[in-house]
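# Observations on chain architecture
These are the residues of each chain, in order.
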Amino acid sequence: MRRRKKAGKGWLLLGLFLLALVIVVFWYVRDQSGDRELVWRIGMQDGSAAEFGKEVKATDIRTVNVDQLLKLEDDLAWATIPSGLSRSINADLEVSFALNEPSPHGYRFRIGIVQAPSSIPQLAVFMNGQFAGMLQIAGTADVSGADRFANEYELDLSTDLIRDGNNTLRLEIVRCLYCSDAEDDALWIEWDMMELLSWRVQMKESVHSRTVRMGTMINDQQFFFNEQAVKVLPAVTEWLGIAYSRNVLRAGCPSNVAGSCSHMEAYYRTMAELNLEAVAMHLYTGDLLLNEGDGTLSDTAAGQLRQYLEQYGNYVHYYEVDNEPGLFNRSKQVNLAIANWMDDHARKLAPHLEVVSPGWAYWPTYAEKPCREGANNDPPRCGEPDGWAGDAGHRKDIEERTDWTNGHAYGRSYMDAKGGSLIENMRSVGRDLSGLRKPMMVTEFGTSDTHTDPEVYGATQPHAAAFDRIVRAHIGFADVFIQHAAFYDAFALFEQQDSHIPDVSELRMHHTVEMEEPRAAIFRRYALAYATHGKPLLVERMNKEETRDRKMYVRAVDTSELAPLPGSGGSSRKLLIQGVNFEESPQRMQVRVHLPDPGLYIGKKVGADHRYEEAMEDVVIDAGQGTAEFVMELGGGAAVQWILEKSSLQR
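One structure accompanies this document, and this report is about it.

Moving on: the overall build of the protein. When its secondary structure is counted, the protein shows twelve helices and 30 strands. Across the 651 residues that make up the protein, the buried fraction comes to 59%. Looking at the protein alone, contacts between residues at least 24 apart form 78% of all its contacts between residues at least 6 apart. Carbon together with sulfur atoms contributes 48% to the accessible area of the protein, which is approximately 26,500 Å² in total. The distance from the centre of the 67 positive side-chain charges to the centre of the 92 negative ones in the protein is 6 Å.

If you want it as structure tokens, here you go:
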């Protein structure tokens, strides 16, 4: 046998050089072609912070002049820049740069984070003293036994924030809304690069941290899609801030048990009118039989799926294979048979349909952690085979046949080294510098009335802080995430009346603990800031001196520019104008919004009150000159939204 000679050091260096060249060319082509053009970049964009200062120190520079730095043409220049930020050491960094004739379409700031802790640091971004947005950063650096999670975060900057000549972008690590300085040591980030790109064309969507969609499940008595569920659907989704911009509800009635599907078509039709997408799960998998020999779905099971999709397929956009198969002692082969059938047949009935993996609870074997219904087997087990849903290898067999991964999370379970949704999904679907390698839809997440934030963070509202942190975490790593249920006892967003959904006029937010912010208000804060979608409208800040260095966020979108829903063709003509106060103290912002057309607009102003009737106000907006002014006076952490539409008399 002939042996190859070992490659010399020169060949190794040449190989590394060529690899680096390919990376540089790839990113250059990506940035210079299409809709955006690179203005500047700090860092090598190689998945490492090695080119920067080796560690974050109190003596690190706080200001970087991009124009001077790029003139040095020396990689050693990066070493003068810290490798990241730490709330307790160097909480902020200013980046100054000059622009000659700024783009009339705005800019996009992008930052690659290679390491962060599980505390979910927040990175506030200010442009020329005005708050541009808050990046929610997920990380696993302090989780023993977990792979490193890296991701890219983006923020679009409107022309109102940019000026001709010298500009200053400031980054600051900030605490959770309820936390004390006890959290500071747990708040840090390490970056790979940061860059600014100019838009060559008008933005189709304004990205805030990441493009995410949010949702919940709205049904009666925790199970029924009945007439009352249909009645409250518009009110609840408008109040939560998820209506009209293609957010996602979990909406399916497994096997129509006890007539739970009684008003399913009316429910789906109402969702289409609200421009909401649906993820459904219909087959009850507890006693589902497979064909002997080939392990495919029985004719009965396949017929149930076929009938459901023939009846509702135009309204269903995603199908979820199963719900927590390990916890409920379900079979891997049954899950695989459903995934295979959906992959092979469903798109013939609903070509737009995408398949979502089971709502993983990552349950281990019965011996490790007993599960529901597991003791009914001899020997007891959690799934067939025992513990299969907790094994990444078994889950990969399902993931290969689905479009989306999944993973449920409650409290801080998403960061558990064993059984945590983010960490387990890195093992089963992989990761790269842009997060998970497969889009992630979370069909259940939330907190109960007993979940509290870790004491080490010093939260004055520990129950509220726990929910706040889990929402922010999912902004950092998931693409779609659905709160467990709007009406569901200790997990609820809203109060029930004797286990039933109340009438619209009686709707009120569920308080985990009196004097703490309710989950619905927290959900709404992040939905308005991150999950309102559409073509951005130009916003001018009118009181910039008052809002300087204040974390007051404004976002305005035209939902009519969104593509119609596949299948149903649902769409929206609504304009959504929202303001969110990320400060602890009350703040005031006055803005002028450029509307698509001059004229009269009618709609609702949805305030921060915790009772529906007090939160809702009918409004008429006169935009005769094509613009309208909005005054946002908000308490700490509060949010406001205007839902507007051109008056039918002027269309």
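On inspection of all chains with the given rule, the structure shows three disulfides. Covalently, cysteine 253 is tied to cysteine 261 through a disulfide, its sulfur atoms 1.8 Å apart. The sign of the S-S torsion, about 100 degrees, decides the handedness of the disulfide formed by cysteine 253 and cysteine 261: right-handed. Paired through a disulfide, cysteine 371 and cysteine 382 show a sulfur-sulfur distance of 2.3 Å. Looking down the S-S bond of the cysteine 371 and cysteine 382 bridge, the torsion is -115 degrees, so its handedness is left-handed. On the criterion of sequence distance, the pair formed by cysteine 371 in the loop between strand E16 (354-356) and helix H7 (392-399) and cysteine 382 in the loop between E16 and H7 is long-range, its members being eleven residues apart. The connectivity of the disulfide-linked cysteines in the protein, indexed sequentially, is 1-2, 3-4, 5-6.

The subject of this paragraph is the sheet that holds strand E15 (residues 318-320). Reading across the sheet, the four strands line up as E13-E14-E15-E16 and stay open at both edges, with parallel pairing between neighbours. The sheet is open, and its two borders are formed by strand E13 (248-250) and E16, each paired with just one other strand. Along the sheet, successive strands turn relative to each other by an average axial angle of 25 degrees, direction set aside. Bridge count for strand E14 (residues 277-280) against E15 is two bridges, and the pairing is parallel. Pairing of valine 279 across the sheet is with tyrosine 318, part of E15.

So, about the packing of aromatic side chains. What the rule picks out here adds up to 22 aromatic pairs. Ring centres of tyrosine 308 and tyrosine 312 lie 4.9 Å apart, and the angle between their planes is 65 degrees; this geometry places the pair in the edge-to-face category. With tyrosine 308 and tyrosine 312 both in helix H5 (residues 299-312), this residue pair falls four residues apart, about one helical turn. Classification of tyrosine 308 as buried rests on a relative accessible area of 4%. Directly above the aromatic system of tryptophan 363 lies the positively charged group of lysine 369, at a separation of 4.4 Å from the ring centroid.

A few words on the side chain of asparagine 219. Along the chain, the position of asparagine 219 falls in the loop between strand E12 (213-215) and helix H3 (227-240). Accessibility expressed as a relative area gives 2% for asparagine 219, which makes it buried. Beyond its immediate stretch of four places on either side in the chain, asparagine 219 contacts Phe224, Phe225, Ala229, Phe487 and Ile501.

Moving on, we come to the sheet that holds strand E24 (residues 552-558). With antiparallel pairing, the six strands of this open sheet are ordered in space as E22-E24-E25-E30-E27-E28. Bordering the open sheet on either side are strand E22 (535-536) and strand E28 (616-623), each of which pairs with just one other strand. Running over the sheet, helix H10 (residues 519-530) touches E24, strand E25 (575-581), strand E27 (599-606) and strand E30 (639-646) and is turned about 50 degrees from E30.

This next bit is on the pairing of strand E6 (residues 122-127). Counting buried positions along E6 yields six of six residues, so the element is predominantly enclosed. Neither face of E6 is open: one carries Gln122, Ala124 and Phe126, the other Leu123, Val125 and Met127, and all of them are buried. Taken together, the six bridges between E6 and strand E7 (residues 130-136) define a ladder with antiparallel strand orientation. In the sheet register, phenylalanine 126 faces E7, and the bridge partner there is phenylalanine 131.

A word on empty space enclosed by the protein. Tallying each qualifying case throughout the model produces one cavity of 30 Å³ or more. Lining of the largest cavity is provided by ten residues; of these, Gly112, Asn151, Glu152, Asp192 and Leu433 occupy positions nearest its centre. Elements supplying a minimum of two residues to the lining of the largest cavity: strand E5 (107-115) and strand E8 (151-157). Here the lining of the largest cavity gets three residues from one element, more than from any other, and that element is E5. Partitioning the lining of the largest cavity into residue classes produces five nonpolar, three polar and two charged.

This part takes up the side chain of arginine 395. Of note, arginine 395 is situated in helix H7. Its relative accessible area of 0% is what places arginine 395 among the buried residues.

Between H7 and helix H8 (residues 421-429), whose axes approach to 8 Å, the crossing angle comes to 70 degrees. Here H7 is positioned roughly perpendicular relative to H8, judged by the angle of their axes. The two elements H7 and H8 cross, and the hand of that crossing is right-handed. Packed against H7, whose contacting residues are Ala392, Arg395, Lys396 and Glu399, the element H8 presents Glu424, Arg427, Ser428 and Val429 at the interface.

Considered as a void within the structure, the largest pocket measures approximately 1,200 Å³ in volume. The wall of the largest pocket is formed by 40 residues, among which Asn323, Glu324, Leu327, Phe328 and Glu444 lie closest to the centre. Elements supplying a minimum of two residues to the lining of the largest pocket: E14 and strand E17 (409-410). Partitioned by chemical class, the residues of the lining of the largest pocket number 21 nonpolar, ten polar and nine charged.

This part covers the environment of glutamine 221. With respect to the secondary-structure elements, glutamine 221 resides in the loop between E12 and H3. Glutamine 221 gets classed as partly exposed once you look at its relative accessible area, which sits at 35%. For the pair glutamine 221 and proline 566, spaced 345 residues apart in sequence, the C-alpha to C-alpha distance is 30 Å. The contact partners of glutamine 221, leaving out residues within four places of it in the chain, are Asn226, Ser499 and His500.

Counted residue by residue, E30 has eight buried out of eight residues, so it is predominantly covered. Residue alternation in E30 divides its side chains into two sets, Ala639, Gln641, Ile643 and Glu645 and Val640, Trp642, Leu644 and Lys646, and both sets are buried. Two elements, E27 and E30, share six bridges in a ladder whose sense is antiparallel. Among the inter-strand pairings, lysine 605 is bridged to a residue of E30, identified as tryptophan 642.

Rules behind the numbers
Residues numbered from 1 in each chain as written. Predicted model: local features only at pLDDT ≥ 70, side-chain atom pairs only at ≥ 80, totals over all residues. Heavy atoms only, no water. Helix = DSSP H or I, 4+ residues; strand = E, 2+ residues; numbered from the N terminus. Buried < 20%, exposed > 50% of the residue type's maximum accessible area, 1.4 Å probe, protein only. Contact = heavy atoms within 4.5 Å. Areas by Shrake-Rupley, 256 points an atom, 1.4 Å probe, with all protein chains shown as cover. Lys, Arg positive; Asp, Glu negative; His and termini not counted. Charge placed at Lys NZ, Arg CZ, Asp CG, Glu CD. Disulfide = S-S within 2.5 Å. Pairing = 2+ DSSP bridges. Axes fitted to C-alpha atoms, helices over the stretch in contact; angles between N-to-C directions. Phe/Tyr/Trp six-rings, centres within 6.5 Å; stacked < 30°, edge-to-face > 60°. Lys NZ or Arg CZ within 6 Å of the ring centre and 35° of its normal. 1 Å grid on protein atoms, 1.4 Å probe; cavity = no way out; pocket = protein on both sides within 12 Å on 5 of 7 lines; lining within 4 Å. Points joined across faces, edges and corners; volume = space filled by probe spheres on them. Nonpolar A, V, L, I, M, F, W, Y, C, P; charged D, E, K, R; others polar. Parallel < 35°, antiparallel > 145°, perpendicular 65-115°, else oblique. Left-handed = near helix turned anticlockwise from the far one by under 90°.

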